[in-house]
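# Structure assessment
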Amino acid sequence: MKTSRGRFFEDYAVGEVIAHAVPRTLSGGERALYHALYPARGALCSSDEFARRCGLPAAPMDDLIAFHTVFGKTVPDISLNAVANLGYAEGRWLKPVWPGDTLRSESQVIGLRENSNGRSGVVWVRTRGLDQRDEVVLEYVRWVMVRKRDAAAPAPQTVVPDLAPSVAPSDLVLPEGLDFTRYDFALAGERHRLGDYALGERIDHVDGVTVEEAEHMLATRLWQNTAKVHFDATMREDGRRLIYGGHVISLARALSFNGLANAQMIVALNAGVHANPCFAGDTVRAWSEVLDRAETPAPGVGAIRLRLVAVKQAAAPFGLKDAGGKYLPEVLLDLDYWALMPL
């Protein structure tokens with residue numbers, strides 16, 4: 001048999017390293033499509049001249065382009081038979097990605113736990129994205145609920161990894177040469193700098209985007225994400241195609257420009273949960289909460305830790321969990337990340 005149905009839960013072993021196919025060379029085409037889909041408006045990734053003023057040789061690719069590209073490579077081996085992608089941790093962007101760079105991915109299985117129903121289990125992997133020089137540009141942990149091929153197959157020994165609750169500010173890696181002392185706030189779109197944001201402050205990003213089938217299918221194909229639940233309506237009992245979680249992340253990040261235009265680069269992913277499914281026809285809105293602030297060694301550059309929450313329809317601003325600690329049904333995404341911002 002020359003075709004593959006993908007891996008199932010019982011096919012994984014803790015410690016196994018998986019090299020993912022197929023490497024991909026990125027160009028300005030990916031940037032243009034990304035900006036058209038969401039739309040992203042961060043000045044540092046939009047303008048070569050703005051980036052040069054900030055000490056970089058040119059505008060890097062958007063941080064989430066790198067993430068989606070690296071993530072998409074892993075899908076055929078990790079989540080082709082997934083029920084759902086459950087969460088993220090310990091993510092760091094280690095080097096900017098430039099047009100012309102070629103990215104590939106590799107993952108190590110770091111945890112396994114069969115679910116009580118015996119029909120699926122959770123797989124934890126640590127994934128690295130590497131460029132054409134074999135230098136790591138991005139790393140993160142994610143965990144996925146994966147179907148079993150055979151419910152009667154014996155469960156592997158349970159191993160649940162001990163993951164850090166967040167990336168420490170001292171472990172953030174900044175692009176070489178980054179300097180915000182000549183940062184142009186007018187061209188960036190807002191005047192707010194790091195000191196203008198208070199711990200605990202919440203920002204309603206006001207705008208909304210209704211998800212269309214055509215847009216999310218284009219995005220899923222663009223990042224070469226082959227998970228069956230995104231393409232094949234027969235994979236779910238309700239007969240609906242699930243919106244790729246990365247599409248929701250990028251929509252929410254783009255919406256956050258209104259209020260956080262100067263949060264220019266994501267440098268760490270502390271935690272993330274896709275709380276509820278998103279489907280075509282849902283209207284995505286977003287709000288953020290300031291969790292922490294930190295200085296960095298780079299001139300004029302600070303770091304801001306943000307909780308980014310995506311909700312659907314006309315959800316009340318700042319709703320997250322009920323009295324029992326369960327996510328409200330309208331919450332789609334709860335993402336905790338560090339971004340770079342001028343002091």
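Whatever comes next refers back to the structure up there.
A brief report on the enclosed structure follows. These numbers were taken from a predicted model, which means no experiment stands behind them.

Conventions and cut-offs
Residues numbered from 1 in each chain as written. Predicted model: local features only at pLDDT ≥ 70, side-chain atom pairs only at ≥ 80, totals over all residues. Heavy atoms only, no water. Pairing = 2+ DSSP bridges. Helix = DSSP H or I, 4+ residues; strand = E, 2+ residues; numbered from the N terminus. Disulfide = S-S within 2.5 Å. Buried < 20%, exposed > 50% of the residue type's maximum accessible area, 1.4 Å probe, protein only. Phe/Tyr/Trp six-rings, centres within 6.5 Å; stacked < 30°, edge-to-face > 60°. Core = buried A, V, L, I, M, F, W, Y, C linked by side-chain atoms within 4.5 Å. Contact = heavy atoms within 4.5 Å. Axes fitted to C-alpha atoms, helices over the stretch in contact; angles between N-to-C directions. Parallel < 35°, antiparallel > 145°, perpendicular 65-115°, else oblique. Nonpolar A, V, L, I, M, F, W, Y, C, P; charged D, E, K, R; others polar.

### Regarding the pairing of strand β8 (residues 283-295)
In this structure, strand β6 (residues 202-210) lies alongside β8, joined through six bridges in antiparallel fashion. In the sheet register, Val-209 faces β8, and the bridge partner there is Val-284. Bridge count between β8 and strand β9 (residues 301-312): 11 bridges; the pairing is antiparallel. Each residue of the ladder has a partner; that of Val-290, found in β9, is Leu-306. Between β8 and β9, which pair antiparallel one after the other, the connecting turn spans five residues, and Gly-300 there sits at a positive phi close to 75°.

### A few points about the state of the cysteines
Throughout the structure, instances matching the rule amount to zero disulfides. For Cys-54, which is in no disulfide, the shortest distance to another cysteine sulfur is to Cys-45 and amounts to 11 Å. The exposure class assigned to Cys-54 is buried, which follows from its relative accessible area of 1%.

### Examining the packing of aromatic side chains
Within this structure, the stated rule accounts for 11 aromatic pairs. Considering the side-chain rings of Phe-180 and Tyr-183, the 5.1 Å spacing of their centres and the 65° angle between planes classify their relative orientation as edge-to-face. Its relative accessible area of 4% is what places Phe-180 among the buried residues. In this structure Tyr-183 comes out as buried when scored by relative accessible area, which is 7%. Taken together, the aromatic side chains of Phe-67, Phe-71, Tyr-88, Trp-93, Tyr-140 and Tyr-244 make up a single cluster linked through ring pairs.

### Brief notes about the nonpolar core
Core analysis: the biggest nonpolar cluster contains 57 residues, and Tyr-38, Phe-67, Trp-93, Trp-223, Val-284 and Ile-304 have the highest contact counts within it. Top contributing element to this core by residue count: helix α4 (residues 63-78), with seven residues. When neighbours within four sequence positions are excluded, Phe-67 is seen to be in contact with Tyr-88, Trp-93, Leu-138, Tyr-140 and Leu-269. Ranked by size, the runner-up nonpolar core spans 24 residues in total, among them Leu-174, Tyr-183, Val-267 and Leu-340.

### Quick word on the packing of α4 against helix α8 (residues 245-255)
Across the interface, α4 lies against α8 with an axial gap of 11 Å and an inter-helix angle of 175°. Comparing the axis directions of α4 and α8 gives the class roughly antiparallel. In this structure, α4 contributes Asp-63, Leu-64 and His-68 to the contact, and α8 contributes Gly-246, Ile-249, Ser-250 and Arg-253. Split into classes, the residues belonging to the contact of α4 with α8 amount to two nonpolar, three polar and two charged.

### Points about the sheet that holds strand β10 (residues 331-342)
The strands that make up a sheet pair up through hydrogen bonds in the backbone, lying either parallel or antiparallel. An order of β1-β3-β4-β5-β2-β7-β10-β9-β8-β6 is seen for the 10 strands of this open sheet, with the pairing classed as antiparallel. Two strands close off the open sheet at either side, each with one partner strand: β1 (17-25) and β6. Across the sheet, the mean angle from the axis of one strand to that of its neighbour is 25°, orientation sign disregarded. Of the strands in this sheet, β1, β2 (82-93), β3 (102-114), β4 (120-130), β5 (136-147) and β7 (265-274) touch α4, which is tilted by about 40° from β5.

### Looking at unusual backbone geometry
With an omega of 0°, the peptide bond between Ala-21 and Val-22 qualifies as cis. When you line up the elements, Val-22 lands in strand β1. Looking along the chain, the bond that leaves Tyr-38 and enters Pro-39 is cis, with omega of -15°. Relative to the elements of secondary structure, Pro-39 occurs in the loop between α1 (28-37) and α2 (43-46). Positive phi is not limited to glycine here, since Glu-90 has a value of about 50°. You can see Glu-90 is positioned in strand β2. The buried category is assigned to Glu-90, whose relative accessible area is 18%. Of note in this structure, Gln-313 is not a glycine but carries a positive phi near 60°.

By themselves, these figures tell us nothing about what the structure is for.
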